[in-house]
Amino acid sequence: MSDLRFFLEAVPDPRSRRGRWYSLTSILLVCAAAAVSGARTIDELAEWGGRADAELLAMLGVHRHLLRWRHAPSRSALGRVLERLDTDALDAAVGAWLAHRHTASAPGRRRVIAVDGKALRGSARLDQPRRHLLSAVTHGCPVTLAQAEVGSKTNETRHFQPLLAPLALDGDVVTFDALHSVKANVAWVVESKKAHYVAVIKPNQPTAWAQLDGLDWHAAAIQHTASNKGHGRRESRSIKALAIADNLGGIAFPHA
């Protein structure tokens, strides 16, 4: 809880300085503890706070009243704060905390991070479609390091660099699909973030596609095969590896 408190303190408080009893950090910590306990609505957040004992509330930073009682924020107090909160700042703080914990749990290990866009389940409303997020998520044990809402009709590619800019990626590997396999973004990942990448090449990059498609893949041995269920179907994937010598011009893609 202590390291999460450090990151939440960076979230700006939308309230006036007058009349504050609960600090913003304590309110957010109460909400976080309630959320990991299963709360999904403001009523459930308030209900969890109402059941929490004084010792737990003290750990979450809730001040004791002069009359010596210690109560969690009410439903109306939670609603007013969450309604006005800078959600992007909160998202960045939680993402930074998760990145810190992920790095601390495996020091010195190279991270592999996937950048992908997904529609947010349960976010559709009568007057709008489901919200669309672009996220940076670690492979293996999935941890969302950063995410940003992008319009359903917006090109995700232009959000690629702003999404990864706050992250320290030195030595990490970034993976992405063909939509983000753009030379400008790939060059930025290597030159500015000092990271490596695995890109998917399709005909939207005609030069690299023609070069890779023309290799003698039939002569290469299969090095890995995996089968799983996804998108309502069973998928089988096989991996082969080939290289193009630098004296033959190398691969026609930045830093490949």
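Residues numbered from 1 in each chain as written. Predicted model: local features only at pLDDT ≥ 70, side-chain atom pairs only at ≥ 80, totals over all residues. Heavy atoms only, no water.

Draft legend 1. Broad picture of the sheet that holds strand β5 (residues 196-199). With mixed pairing, the five strands of this open sheet are ordered in space as β3-β2-β1-β4-β5. Both outer strands of the open sheet, β3 (144-150) and β5, are each paired with one neighbouring strand and no more. Each strand of the sheet is rotated relative to its neighbour by a mean of 20 degrees, with strand direction disregarded. The sheet contact formed by strand β4 (residues 173-176) and β5 spans four bridges and is parallel. Its bridge partner being in β5, V173 is matched across the sheet by H196. (Pairing = 2+ DSSP bridges. Helix = DSSP H or I, 4+ residues; strand = E, 2+ residues; numbered from the N terminus. Axes fitted to C-alpha atoms, helices over the stretch in contact; angles between N-to-C directions.)

Draft legend 2. Layout of the packing of aromatic side chains. Here the structure, examined in full by the defined rule, presents four aromatic pairs. Each ring, one from F6 and one from F7, has its centre 5.4 Å from the other, and the planes form 80 degrees; the classification is edge-to-face. Ring pairing ties together the aromatic residues F160, F176, Y197 and F253, which thus form one cluster. (Phe/Tyr/Trp six-rings, centres within 6.5 Å; stacked < 30°, edge-to-face > 60°.)

Draft legend 3. Here's a closer look at unusual backbone geometry. Although it is not a glycine, K194 sits at a positive phi angle of roughly 55 degrees. We note that H255 has phi near 60 degrees; this positive angle belongs to a residue other than glycine. If you trace the backbone, H255 turns up in the segment after β7 (233-239). Given the relative accessible area of 47%, H255 is considered partly exposed. (Buried < 20%, exposed > 50% of the residue type's maximum accessible area, 1.4 Å probe, protein only.)

Draft legend 4. Inspection of the environment of R233 at higher detail. Within the fold, R233 resides in strand β7. Classification of R233 as partly exposed rests on a relative accessible area of 46%. Here the side chain of R233 touches E235 through a polar contact of 3.1 Å, side chain to side chain. (Polar contact = N/O pair within 3.5 Å; in protein donor to acceptor, adjacent residues only side chain to side chain.)

Keep in mind these values describe shape, not function.
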